[in-house]
Amino acid sequence: MAICIRKPCVGIRNLLQIFRPGLASQTSSFVSGPSFKYEDLQIKLSTNPQPKPDVDKLVFGRHHSDHMLTVEWDNDKGWGKPHINPVQNLSIHPAAKVFHYAVELFEGMKSYRGHDDKIRLFRPMENMERMVRSAERVCLPNFDGRELVQCIKKLISIDQSWVPHSTEVANALYLRPTFIGTEPCLGVARSKNALLYVITGPVGPYYPTGLKPINLMADPSYARAWPGGSGMYKMGSNYGPTIAVQDLAEQRGCQQVLWLYGEDHEMTEVGTMNLFLHWINKQGEEELITAPLNGIILPGITRSSLLHLGREWNEFKVSEKVYTMEQMIEALSENRVIELFGAGTASVVCPVARILYKNNWIDLPVGDENSLTQRFYNELTDIQYGKKPSGWMEDITDINSTDTRVNMSG
């Protein structure tokens, strides 16, 4: 067995800075060395396009578009040229670090076909900054997020016929940027080789029932994240261990898990979403509250957007602070809870109807068409589908089109 010894990456020497509360929401200049460039993009188009699924029968994550983006990295040679090719299986050595030590991360993004037929991305640079932070945490190499966004726009423009035409606003083209360590070396150390790739596919609603309220299982026996861990990064290693708990929740009549933390059962996240509580606090103020970015919370793009909208409206108090099951149950007994909901890229927002906690069901008030959940959903989807102009959206045509690179064989 080969044992690989590496020097610790720069990011690990800065862990105290990485875990400083609020850091994840800050904009940073995250390009520290040579990056791949959009201008070097090589394109090979498929000559055997796949049939497209019925837009009314889309299942989240089951369908994949014709092309993918790949960029290889080598410790000695640096970044290679980005390539767009027909979707194909990856050829990776069985000793690759991604398989043994979970040297991997990913992002979840969407592109939307607006009512004006233009295709746009929603806040893509927010995803890029989070992706680079995750890469630093597992010692994968740095890159320029803007260059990747430009490559992604080209990928979408090539497969634009896969972006659903539909009056159903829940439909979109889902994008999955993924970054893996591929060095074929058994040893717990940083990877000297890596592959960044992006696949896409049309999706419908994450929950086929739409905004129908869901049930949650809250079991303090299980924890999603803890201080000093990796809960604030979007890594596969954060998700795999949750699958068994999700299965248990489904067996108990719940659709998702409410992740609690600590002896006082802090309410942190719901499934793969951030969690929001809309209530009247003890001071009699209407308040929207969500857990702070204290190292155990994923800095969601939808989370950031809802906080921004709430503060922009300036109609209620908006807070990022710790809150517990005991506090929510007390508020319920005093009729101060207005609604509880999750928020994320896949589902946008998702109201909660009941929580299974300590073997007892807790019923929650559910909003109607005038609820804050519905208002957030309407506002975000109006922005994403072009009904309402916003600087959060980027048109995919905003790239330097250089089609002389296209090779039609594939």
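These remarks concern the structure in this document. (Residues numbered from 1 in each chain as written. Predicted model: local features only at pLDDT ≥ 70, side-chain atom pairs only at ≥ 80, totals over all residues. Heavy atoms only, no water.)

Considering the overall build of the protein
The cut-off we apply is this: Counting from the N terminus, the helices are DSSP H or I runs at least four residues long and the strands are E runs at least two residues long. Categorising residues by exposure relies on relative accessible area from a 1.4 Å probe, with only protein chains included: less than 20% of the type maximum marks a residue as buried, more than 50% marks it as exposed, and the intermediate range marks it as partly exposed. Note on contacts: a residue pair is in contact if any heavy atoms of the two residues lie within 4.5 Å. In short, Shrake-Rupley with a 1.4 Å probe defines the accessible areas, and a residue's cover is counted only from the protein chains shown.
Counting secondary structure elements, the protein contains eight helices and 20 strands. Taking all 410 residues of the protein together, the buried fraction comes to 54%. If you take every contact in the protein between residues at least 6 apart in sequence, the share linking residues at least 24 apart comes to 75%. In the form shown here, the protein has an accessible surface area of approximately 18700 Å², with 49% of it arising from carbon and sulfur atoms.

Re unusual backbone geometry
Even without a glycine there, the phi angle at N314 is positive, about 55°. Following the sequence through the fold, N314 ends up in the loop between α6 (301-313) and β15 (317-320). Given a relative accessible area of 65%, N314 falls into the exposed group. Not every positive phi belongs to a glycine, and N359 is a case in point at roughly 65°. As for its position among the elements, N359 is in the loop between β17 (348-357) and β18 (360-363). Residue classification places N359 among the exposed positions, given a relative accessible area of 70%.

What to know about the packing of aromatic side chains
Just so we agree on the cut-off: Classification of ring pairs uses Phe, Tyr and Trp, with its six-membered ring standing for Trp, and accepts pairs whose centres are within 6.5 Å; under 30 degrees between planes counts as stacked, over 60 as edge-to-face, and the remaining range as tilted. Over a ring means this: the NZ of a Lys or the CZ of an Arg is within 6 Å of the ring centre and within 35 degrees of the ring normal.
Inspection of every chain in the model, using the stated rule, returns twelve aromatic pairs. Ring centres of F341 and F376 lie 6.1 Å apart, and the angle between their planes is 50°; this geometry places the pair in the tilted category. Remark: F376 occurs in helix α8 (residues 372-384) and F341 occurs in strand β16 (residues 337-344); sequence separation between them is 35 residues. F376 carries the same exposure label as F341, and that label is buried. Its end group placed over the ring of W279, R336 keeps NZ or CZ at 5.7 Å from the ring centre. Above the ring of W313, the side-chain terminus of R375 is found at 3.7 Å from the ring centroid.

A closer look at the nonpolar core
Heads up, the rule is: We define the nonpolar core as a collection of buried residues of types Ala, Val, Leu, Ile, Met, Phe, Trp, Tyr and Cys that are connected through side-chain atoms lying within 4.5 Å of one another.
Residues L69, F143, L148, I152, I156, F179 and L196 are the most contacted members of the largest nonpolar core, which totals 40 residues. Here I156 is in contact with S111, I119, L121, V163, L173, L175 and I396, once residues within four sequence places are set aside.

Observations concerning the side chain of D144
This is how the line gets drawn: Under the convention used here, Asp and Glu are negative, Lys and Arg are positive, and both His and the chain ends fall outside the count. Salt-bridge detection follows one rule: a side-chain nitrogen of Lys or Arg within 4 Å of a carboxyl oxygen of Asp or Glu. In protein, a polar contact means a hydrogen-donor-capable atom and an acceptor-capable atom, both N or O and within 3.5 Å, with residues adjacent in sequence counting only if both atoms are side-chain atoms; elsewhere, any N or O pair within 3.5 Å suffices.
Within the secondary structure layout, D144 lies in the loop between α3 (124-137) and α4 (145-158). No salt bridge is formed by the buried D144; the nearest opposite charge belongs to K37, separated by 4.9 Å. A polar side-chain atom of D144 sits 2.9 Å from the main-chain amide nitrogen of R146.

A few points about the pattern of salt bridges
Evaluated as defined, the whole model comprises 17 salt bridges. Between R123 and E126 there is a salt bridge; the shortest N-O distance is 3.8 Å. Judged by relative accessible area, which is 12%, R123 ranks as buried. Ionic contacts of the salt-bridge type, sharing partners, join the residues R146, K153 and E394 into one network.

Structural notes on the pairing of strand β8 (residues 172-181)
Formally: Only strands that DSSP links by at least two bridges are regarded as paired with each other.
In terms of residue burial, β8 counts as a mostly covered element, since nine of its ten residues are buried. Sheet topology note: the strand β5 (residues 104-106)/β8 ladder contains three bridges and is antiparallel. Bridging from a neighbouring strand, F106 pairs with T178 of β8. Taken together, the three bridges between strand β6 (residues 109-113) and β8 define a ladder with antiparallel strand orientation. When the bridges of β8 are listed, S111 appears paired with L173. As paired elements, β8 and strand β9 (residues 193-203) share ten bridges and run antiparallel to each other. By the bridge assignment, L175 is partnered in β9 with T200.

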